[in-house]
Amino acid sequence: EDLDDEEFQVYVSLRAWRLLRKNELEVEPYKICQNRTLCELIRKRRNDAQFCSLKLDHNANKAEGNVASVDESTVEKSLLSVWGIGPSKAAKDGFGWEMLEILASEENETLLASSRNRSNA
(Lines give C-alpha, C1' and ligand atoms only; values in the text may rest on other atoms or scores of the structure.)
Protein backbone atom coordinates (compact mmCIF):
# COMPACT_ATOMS: atom_id res chain seq x y z
CA GLU A 1 0.00 0.00 0.00
CA ASP A 2 1.32 3.42 -0.95
CA LEU A 3 1.93 6.17 1.56
CA ASP A 4 -0.66 8.95 1.61
CA ASP A 5 0.36 12.62 1.29
CA GLU A 6 0.92 13.16 5.02
CA GLU A 7 2.86 9.92 5.42
CA PHE A 8 4.98 10.88 2.43
CA GLN A 9 5.92 14.17 4.08
CA VAL A 10 7.06 12.22 7.16
CA TYR A 11 8.98 9.89 4.83
CA VAL A 12 10.75 12.90 3.31
CA SER A 13 11.82 14.08 6.77
CA LEU A 14 13.20 10.63 7.61
CA ARG A 15 15.08 10.51 4.32
CA ALA A 16 16.57 13.94 5.05
CA TRP A 17 17.75 12.64 8.45
CA ARG A 18 19.20 9.55 6.76
CA LEU A 19 21.07 11.72 4.23
CA LEU A 20 22.60 13.78 7.05
CA ARG A 21 23.68 10.62 8.90
CA LYS A 22 25.03 9.10 5.66
CA ASN A 23 27.20 12.16 5.11
CA GLU A 24 28.38 12.23 8.74
CA LEU A 25 29.28 8.54 8.72
CA GLU A 26 30.41 8.36 5.09
CA VAL A 27 28.39 5.22 4.39
CA GLU A 28 25.74 4.29 1.88
CA PRO A 29 22.19 5.26 2.96
CA TYR A 30 20.93 1.66 2.78
CA LYS A 31 23.45 0.75 5.50
CA ILE A 32 21.61 3.10 7.84
CA CYS A 33 18.21 1.76 6.82
CA GLN A 34 16.32 0.89 3.69
CA ASN A 35 13.31 2.74 2.30
CA ARG A 36 11.08 -0.19 3.25
CA THR A 37 12.12 0.24 6.90
CA LEU A 38 11.20 3.92 6.82
CA CYS A 39 7.82 3.16 5.26
CA GLU A 40 7.02 0.37 7.72
CA LEU A 41 7.98 2.50 10.70
CA ILE A 42 5.77 5.33 9.44
CA ARG A 43 2.83 3.03 8.79
CA LYS A 44 3.09 1.34 12.19
CA ARG A 45 3.15 4.73 13.93
CA ARG A 46 0.27 6.02 11.78
CA ASN A 47 -1.84 2.97 12.61
CA ASP A 48 -1.00 3.12 16.34
CA ALA A 49 -0.17 6.52 17.85
CA GLN A 50 1.37 4.77 20.88
CA PHE A 51 3.72 2.57 18.82
CA CYS A 52 7.24 3.34 20.07
CA SER A 53 5.96 6.69 21.26
CA LEU A 54 8.64 8.98 22.66
CA LYS A 55 7.86 12.05 24.68
CA LEU A 56 10.28 14.77 23.64
CA ASP A 57 11.48 17.44 26.04
CA HIS A 58 12.09 20.34 23.66
CA ASN A 59 13.68 22.36 26.50
CA ALA A 60 16.32 19.72 27.28
CA ASN A 61 20.01 20.39 26.79
CA LYS A 62 20.96 18.89 23.41
CA ALA A 63 23.98 17.13 24.98
CA GLU A 64 21.67 15.43 27.47
CA GLY A 65 19.24 14.34 24.78
CA ASN A 66 15.64 15.38 24.45
CA VAL A 67 13.81 12.10 25.07
CA ALA A 68 11.91 12.10 28.35
CA SER A 69 11.80 8.86 30.33
CA VAL A 70 10.30 5.88 28.49
CA ASP A 71 10.35 2.13 29.00
CA GLU A 72 13.44 1.36 26.92
CA SER A 73 12.87 -2.40 26.78
CA THR A 74 9.33 -1.92 25.45
CA VAL A 75 10.53 0.51 22.79
CA GLU A 76 13.37 -1.82 21.77
CA LYS A 77 10.99 -4.81 21.47
CA SER A 78 8.60 -2.74 19.36
CA LEU A 79 11.41 -1.50 17.13
CA LEU A 80 12.47 -5.10 16.54
CA SER A 81 9.03 -5.75 15.01
CA VAL A 82 9.87 -3.35 12.16
CA TRP A 83 11.36 -4.90 9.02
CA GLY A 84 15.05 -4.04 8.74
CA ILE A 85 15.59 -3.10 12.38
CA GLY A 86 17.76 -5.52 14.27
CA PRO A 87 19.27 -5.44 17.77
CA SER A 88 21.93 -2.79 17.05
CA LYS A 89 19.43 -0.37 15.48
CA ALA A 90 16.88 -1.05 18.24
CA ALA A 91 19.41 -0.47 21.03
CA LYS A 92 19.10 2.82 22.96
CA ASP A 93 21.85 4.55 20.95
CA GLY A 94 20.86 2.99 17.63
CA PHE A 95 19.39 4.45 14.48
CA GLY A 96 15.93 3.24 15.47
CA TRP A 97 15.78 5.69 18.36
CA GLU A 98 17.01 8.51 16.12
CA MET A 99 14.21 7.73 13.67
CA LEU A 100 11.69 7.76 16.53
CA GLU A 101 12.87 11.23 17.51
CA ILE A 102 12.16 12.39 13.94
CA LEU A 103 8.70 10.80 14.08
CA ALA A 104 8.05 12.47 17.45
CA SER A 105 8.61 15.98 16.13
CA GLU A 106 5.52 18.14 16.48
CA GLU A 107 5.21 18.52 12.70
CA ASN A 108 5.41 14.79 12.01
CA GLU A 109 3.05 13.91 14.87
CA THR A 110 0.53 16.34 13.38
CA LEU A 111 0.94 14.85 9.90
CA LEU A 112 0.49 11.28 11.18
CA ALA A 113 -2.56 12.28 13.24
CA SER A 114 -4.10 13.84 10.13
CA SER A 115 -3.40 10.69 8.12
CA ARG A 116 -4.81 8.52 10.93
CA ASN A 117 -7.99 10.61 11.12
CA ARG A 118 -8.50 10.43 7.36
CA SER A 119 -8.06 6.64 7.30
CA ASN A 120 -10.57 6.23 10.15
CA ALA A 121 -13.17 8.44 8.47
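Residues numbered from 1 in each chain as written. Predicted model: local features only at pLDDT ≥ 70, side-chain atom pairs only at ≥ 80, totals over all residues. Heavy atoms only, no water.

Undergrad: So what's going on with the confidence of the model for the protein? Residues and values would help.
TA: Mean pLDDT over the protein stands at 89; residues scoring 70 or higher make up 88%. Considering each helix and strand of the protein separately, the mean pLDDT is smallest for helix 4 (residues 72-80), with a value of 93, and largest for helix 1 (residues 5-25), with 98. (pLDDT = per-residue confidence, 0-100. Helix = DSSP H or I, 4+ residues; strand = E, 2+ residues; numbered from the N terminus.)

Undergrad: How would you sum up helix 7 (residues 106-120)? Please name residues and give values.
TA: Given a rise of 1.5 Å per residue, 15 residues ought to cover 21 Å, and the 21 Å separating the end C-alpha atoms of helix 7 matches this to within 8%. Looking at helix 7, one finds that the buried residues are Asn 108, Leu 111, Leu 112, Ser 115 and Arg 116. Angular distribution of buried residues about the axis of helix 7 spans 135 degrees; they occupy a single face of the element. Projecting away from the buried face of helix 7 at angles above 90 degrees are the exposed residues Glu 106, Glu 107, Thr 110, Asn 117 and Asn 120. Where helix 7 is buried, its residues contact helix 1, helix 3 (35-47) and helix 6 (95-103). (Expected span 1.5 Å × (residues − 1). Buried < 20%, exposed > 50% of the residue type's maximum accessible area, 1.4 Å probe, protein only. Arc of directions from axis to C-beta. Contact = heavy atoms within 4.5 Å.)

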